[in-house]
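These are the residues of each chain, in order.
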Amino acid sequence: TFSFFLRLPVPKVQLNQQVGLNPEESNAELLEGLKVLVAEDNRVNRMIVGRFLKKWKVKADFAENGMQAVHQADKNAYDIILMDLHMPEMDGMEATEVIKRDQIQNQSVSIIALTASTMTEDRLAAAAVGMIDYIAKPFDPVDLFNKLSKYAPQNFLLTSKSSRNNHSKYFFPF
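Okay, so let's go over this structure.

Parameters and conventions
- Residues numbered from 1 in each chain as written.
- Predicted model: local features only at pLDDT ≥ 70, side-chain atom pairs only at ≥ 80, totals over all residues.
- Heavy atoms only, no water.
- Core = buried A, V, L, I, M, F, W, Y, C linked by side-chain atoms within 4.5 Å.
- Buried < 20%, exposed > 50% of the residue type's maximum accessible area, 1.4 Å probe, protein only.
- Helix = DSSP H or I, 4+ residues; strand = E, 2+ residues; numbered from the N terminus.
- Contact = heavy atoms within 4.5 Å.
- Phe/Tyr/Trp six-rings, centres within 6.5 Å; stacked < 30°, edge-to-face > 60°.
- Lys NZ or Arg CZ within 6 Å of the ring centre and 35° of its normal.
- Pairing = 2+ DSSP bridges.
- Right-handed = clockwise from strand over helix to strand, strands pointing away.

### Some thoughts on the nonpolar core
Next, step 1: Core analysis: the largest hydrophobic core is formed by 23 residues, its most contacted members being L37, I81, M83, L85, I99, I111 and M131.
Next, step 2: Elements supplying a minimum of two residues to this core: β1 (35-39), α3 (66-75), β3 (80-83), α4 (92-102) and β4 (110-115).
Next, step 3: With 4 residues, the single largest contributor to this core is α4.
Next, step 4: Sequence-distant contacts of M131, that is, excluding residues within four places in its chain, are made with M83, L85, G92, M93, T96, I111, A113 and A126.
Next, step 5: Counting 20 residues, the second largest nonpolar core, distinct from the first, contains V38, L82, L114 and Y151.

Structure follows, in structure tokens:
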């Protein structure tokens, strides 16, 4: 047997070149004022998601488990809920079912799975309980930004501060 090494140059791709969007710049204003609940049991993950949401001027509340997420959603109406699937006390699947079934103000809320689980079965189960999309952890900030933009209520996008200033600058294909 023999082996060899081959060194090939790998081009450095910047974040904004991957999808044609850099949410760190002017497009971040698109999400200003969006109301999001983040249900995540890991403190570090809550902190990381929170930093991006703060940078994008998203109004965020946090829950450490499914039971807290249900309680928060019972008290407040949200534009989007980011829901971890595996949490203590009540998992994200059960919390989603309760929110969609029992809470009038959040029955049509967009719930996006935010989880490290990438198994097909988990994706299908998440969809079955009413989650509309999936973000795998560790997450790509551009993916998070794009999904928040995609699922923000249309009336929010049409009346957001940034879109009033320049519609054509902020509406782009996903």
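### Regarding the packing of aromatic side chains
Next, step 1: Under the defined criterion, the tally for this structure stands at 3 aromatic pairs.
Next, step 2: Plain terms: the ring middles of F52 and W56 are 5.6 Å apart, the flat faces sit at 40° to each other, and that makes the pair tilted.
Next, step 3: Its relative accessible area of 0% is what places W56 among the buried residues.
Next, step 4: Look at F52 and F139: their rings are 5.9 Å apart centre to centre, the planes differ by 75°, and that puts the pair in the edge-to-face class. Of this pair, F52 sits in helix α2 (residues 43-55) while F139 is found in the loop between β5 (133-136) and α6 (141-151), placing the two residues 87 residues apart along the sequence. Just as F52 is buried, F139 falls in that class too.
Next, step 5: Above the ring of Y78, the side-chain terminus of K35 is found at 5.3 Å from the ring centroid.

### A few points about the pairing of β4
Next, step 1: Burial analysis of β4 places 6 of its 6 residues in the buried class, which makes it a mostly covered element.
Next, step 2: Of the two faces of β4, the one holding S110, I112 and L114 and the one holding I111, A113 and T115 are both buried throughout.
Next, step 3: Two strands pair when backbone bridges link them, and β3 and β4 are joined in this way by 4 bridges, in the parallel orientation. Its bridge partner being in β4, M83 is matched across the sheet by A113.
Next, step 4: In this fold, the crossover linking β3 to β4 by way of α4 has right-handed handedness.
Next, step 5: Sheet topology places β4 next to β5; 4 bridges connect them, and they run parallel.

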